[in-house]
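As a plain string of letters, each chain reads:
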Amino acid sequence: MRTNPLTTVRNLGILAHVDAGKTTVTERILYTTGTTHKRGEVHDGTTVTDFDPQERDRGITIFAAAVSCTWAGHRINLIDTPGHVDFADEVERSLRVLDGAVAVFDAVAGVEPQSESVWRQADRHGVPRIAFVNKMDRAGADLDAAVASIRERLHPVPLVVQLPIGAEDGFTGVVDLPRMRALVWADGADTAEEGPVPDALRAEAARRRRLLEEAVAERHPSALEEFCDRETLTAATLTAALRDLTRTGDGVVVLCGSAYRNRGVEPLLDAVLAYLPSPLDVPPVRGTHDGTEQERSADPAAPMAALAFKVNATATGRLTYLRVYSGTIEKGDTVWDAGTRRTERVGRILRVRADRHDPLERAVAGDIVAVVGLKSARAGSTLCTPGAPLLLEPPGVPEPVVHVA
Ligand code: GDP
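Residues numbered from 1 in each chain as written. Predicted model: local features only at pLDDT ≥ 70, side-chain atom pairs only at ≥ 80, totals over all residues. Heavy atoms only, no water.

(A) Region of interest: the sheet that holds strand E3 (residues 74-80). Spatially, seven strands are ordered E2-E3-E1-E4-E5-E11-E6 in an open sheet, and the strand pairing comes out mixed. Looking at which strands have only one partner, the edges of the open sheet turn out to be strand E2 (66-71) and strand E6 (158-160). If you compare each strand with its neighbour and ignore which way they point, the axes differ by 30 degrees on average. Contacting strand E1 (9-16), E2, E3, strand E4 (100-106) and strand E5 (129-134), helix H1 (residues 22-32) runs over the sheet at an angle of about 150 degrees to E1. (Pairing = 2+ DSSP bridges. Helix = DSSP H or I, 4+ residues; strand = E, 2+ residues; numbered from the N terminus. Axes fitted to C-alpha atoms, helices over the stretch in contact; angles between N-to-C directions. Contact = heavy atoms within 4.5 Å.)

Encoded structure:
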């Protein structure tokens, strides 16, 4: 049986308080996945997701952009969600188009006011999340304190799957608790060495693994059964239960690292694939037509429905970023804008990479792509198959097109 290719897609957002390290995490993900070949640094203005000079100057991520990268045979469409509170509408829209998110926290500051507001927004949109406690290399970094602040202020059940190896400047790796393996980054190395849990950490790792198992068993019926029978969970049950708890929102897997030092990014990417949903795992999209509510599932053969979530004027042309929810959109197609009630013509379809655009013949349900050639679509427009109209978002005040270099 052929597996549906959508199972290998993750539409991912990175949510964070300004300064927690969202840009650095994004940059390291692109670097680690081989999308860029040079590490961009926030301070020298070379980051690839921050397109706008004003944004670079201010050092905050204002304009969302979507960048595709590949990890372990999966496509991750990274949707950059604006972290600044002034851009709440953009945050809302980007939360709509993603299927899962990584919430980034600062290991010294823990939960900050803005992480709370973005967390609540993600709650409202039912976005499954994993947490990444960043900046473990900083003086005063404390994973336990950060997890306590996540529990107290955001109220999820934290499921901590790693034990840090070393602290602050000496933070060199993590123990992966589900697999009970150590991942250590040598000085200057981008890839971790995997090995047995260091002797000095064995007892602590065993204690934390036990806490993780208990937390999971308490919330997951089939894991509880296995736990009662054997008093310990197999790695497979643990991983499957962690995935279920993440997707239902009944728990939040917590990982840690130092994005700046590129430590912890590979396990973070593995966790994105293991725990966060594919477009097939999320409920069908809902829209309206003539006042009646309709659902569309992520079926490439269904009538097409897509939401435009960002329009950028670039050197390549007017790029309209689309989340395709159902059906297939092809190069040259005539599509119906359900808001303006006008037809539009799809010019080129592009997969946006950090350093280039790959032309595509078509994009199917579940995918995120950019389209060139649409004249009037704006952020919030629904595009659909003529004759099968569906409105995904009520027409609002048009937003200006963002000009980027
Ligand atoms: P954003 O505002 O959330 O996008 O955060 P940035 O990625 O711009 O990071 C904010 C600051 O924290 C920058 O000066 C980064 O260099 C720094 N930073 C990011 N990640 C780390 C980390 O893992 N460790 C340390 N020490 N600093 C970091």
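(B) Here's a closer look at helix H4 (residues 113-124). Between its terminal C-alpha atoms H4 stretches 17 Å, which fits the 16 Å expected from twelve residues at 1.5 Å a residue. Listed in full, the buried residues belonging to H4 are Gln114, Ser115, Val118, Trp119, Gln121 and Ala122. Down the axis of H4, the sector holding all buried residues measures 160 degrees, keeping them to one side. Exposed and oriented more than 90 degrees from the buried face of H4 are Pro113 and Arg124. Just downstream of H4, glycine 126 is the residue with a positive phi angle, here 60 degrees. (Expected span 1.5 Å × (residues − 1). Buried < 20%, exposed > 50% of the residue type's maximum accessible area, 1.4 Å probe, protein only. Arc of directions from axis to C-beta.)

(C) Examining the packing of aromatic side chains more closely. The full count for this structure, using the stated rule, is two aromatic pairs. Between phenylalanine 105 and tryptophan 119, the ring centres sit 6.1 Å apart and the planes meet at 50 degrees, which makes this aromatic pair tilted. Placement of the pair is phenylalanine 105 in strand E4 and tryptophan 119 in helix H4, with a sequence separation of 14 residues. Classification of tryptophan 119 by relative accessible area gives buried; the value is 4%. Ring centres of phenylalanine 309 and tyrosine 321 lie 6.0 Å apart, and the angle between their planes is 50 degrees; on these two criteria the pair is classed as tilted. Taken together, the positions of phenylalanine 309 in strand E14 (residues 305-314) and tyrosine 321 in strand E15 (residues 317-326) put the pair twelve residues apart, joining distant regions of the chain. The exposure classification of phenylalanine 309 matches that of tyrosine 321, with both residues buried. Sitting over the ring of tryptophan 119, arginine 129 keeps its end group 4.4 Å from the ring centre. (Phe/Tyr/Trp six-rings, centres within 6.5 Å; stacked < 30°, edge-to-face > 60°. Lys NZ or Arg CZ within 6 Å of the ring centre and 35° of its normal.)

(D) Geometry of the confidence of the model for the protein. For the protein, the mean per-residue pLDDT works out to 88, and 88% of the residues sit at or above 70. The ipTM assigned to the predicted complex is 0.99, against a pTM of 0.91. (pLDDT = per-residue confidence, 0-100.)

(E) Representation of unusual backbone geometry. With a phi close to 50 degrees, glutamate 168 is a non-glycine residue in the positive phi region. Along the polypeptide, glutamate 168 turns up in the loop between strand E7 (162-165) and strand E8 (173-176). Its relative accessible area of 33% is what places glutamate 168 among the partly exposed residues. Positive phi, close to 55 degrees, is recorded for arginine 341, a residue that is not glycine. Of note, arginine 341 is situated in the loop between strand E17 (334-337) and strand E18 (342-345).

(F) How the structure looks around the pairing of E1. Within E1, eight of the eight residues are buried, which leaves the element mostly enclosed by the surrounding structure. Two strands pair when backbone bridges link them, and E1 and E3 are joined in this way by six bridges, in the parallel orientation. Counterpart to arginine 10 in the pairing with E3 is isoleucine 76. Here E1 runs beside E4; their pairing, made up of five bridges, is parallel. The partner of isoleucine 14 across the bridge, within E4, is valine 102.

(G) Quick peek at the layout of surface pockets. In this model, the largest pocket occupies a volume close to 570 Å³. Only helix H3 (88-97), strand E12 (285-289) and E15 provide two or more residues apiece to the lining of the largest pocket. Of the residues assigned to the lining of the largest pocket, the class counts are 14 nonpolar, three polar and seven charged. (1 Å grid on protein atoms, 1.4 Å probe; cavity = no way out; pocket = protein on both sides within 12 Å on 5 of 7 lines; lining within 4 Å. Points joined across faces, edges and corners; volume = space filled by probe spheres on them. Nonpolar A, V, L, I, M, F, W, Y, C, P; charged D, E, K, R; others polar.)

(H) Main features of the sheet that holds strand E10 (residues 193-195). Read across the open sheet, the four strands follow the order E7-E8-E9-E10; overall the sheet is antiparallel. Each of the sheet's edge strands pairs with one partner strand only, and the pair in question is E7 and E10. Between one strand axis and the next, the sheet turns by 25 degrees as a mean value, whatever way the strands run. Two elements, strand E9 (residues 181-184) and E10, share three bridges in a ladder whose sense is antiparallel. By the bridge assignment for E10, valine 184 is matched with glutamate 193.

(I) Structural detail: the side chain of glutamate 213. Within the element layout of this structure, glutamate 213 appears in helix H6 (residues 202-219). In this structure the side chain of glutamate 213 is engaged in a polar contact, spanning 2.7 Å, whose partner is the side chain of arginine 209. Engagement of the side chain of glutamate 213 in a polar contact is seen with the backbone nitrogen of leucine 233, the distance being 3.3 Å. If near-sequence neighbours (up to four positions away) are discounted, glutamate 213 is found in contact with Phe227, Glu231, Thr232 and Leu233. (Polar contact = N/O pair within 3.5 Å; in protein donor to acceptor, adjacent residues only side chain to side chain.)

(J) Looking closely at the packing of H1 against helix H9 (residues 265-275). Two elements in contact, H1 and H9, have axes whose closest approach is 10 Å; the angle formed by their N-to-C orientations is 85 degrees. As far as their axial angle goes, H9 and H1 are roughly perpendicular. Contacts between H1 and H9 involve Val25, Arg28, Ile29 and Thr32 from the former and Val265, Glu266, Leu268 and Leu269 from the latter. Its residues assigned to classes, the contact of H1 with H9 comprises five nonpolar, one polar and two charged. (Parallel < 35°, antiparallel > 145°, perpendicular 65-115°, else oblique.)

(K) Seen up close, empty space enclosed by the protein. Summed over all chains, the structure comprises three cavities of 30 Å³ or more. Volume-wise, the largest cavity comes out at about 40 Å³. In terms of lining, the largest cavity is formed by Leu15, Ala16, Ala103, Val104, Phe105, Ser115, Val118 and Trp119. Elements represented by at least two residues in the lining of the largest cavity include exactly E1, E4 and H4. When the residues that make up the lining of the largest cavity are grouped by side-chain class, the tally is seven nonpolar, one polar and no charged.

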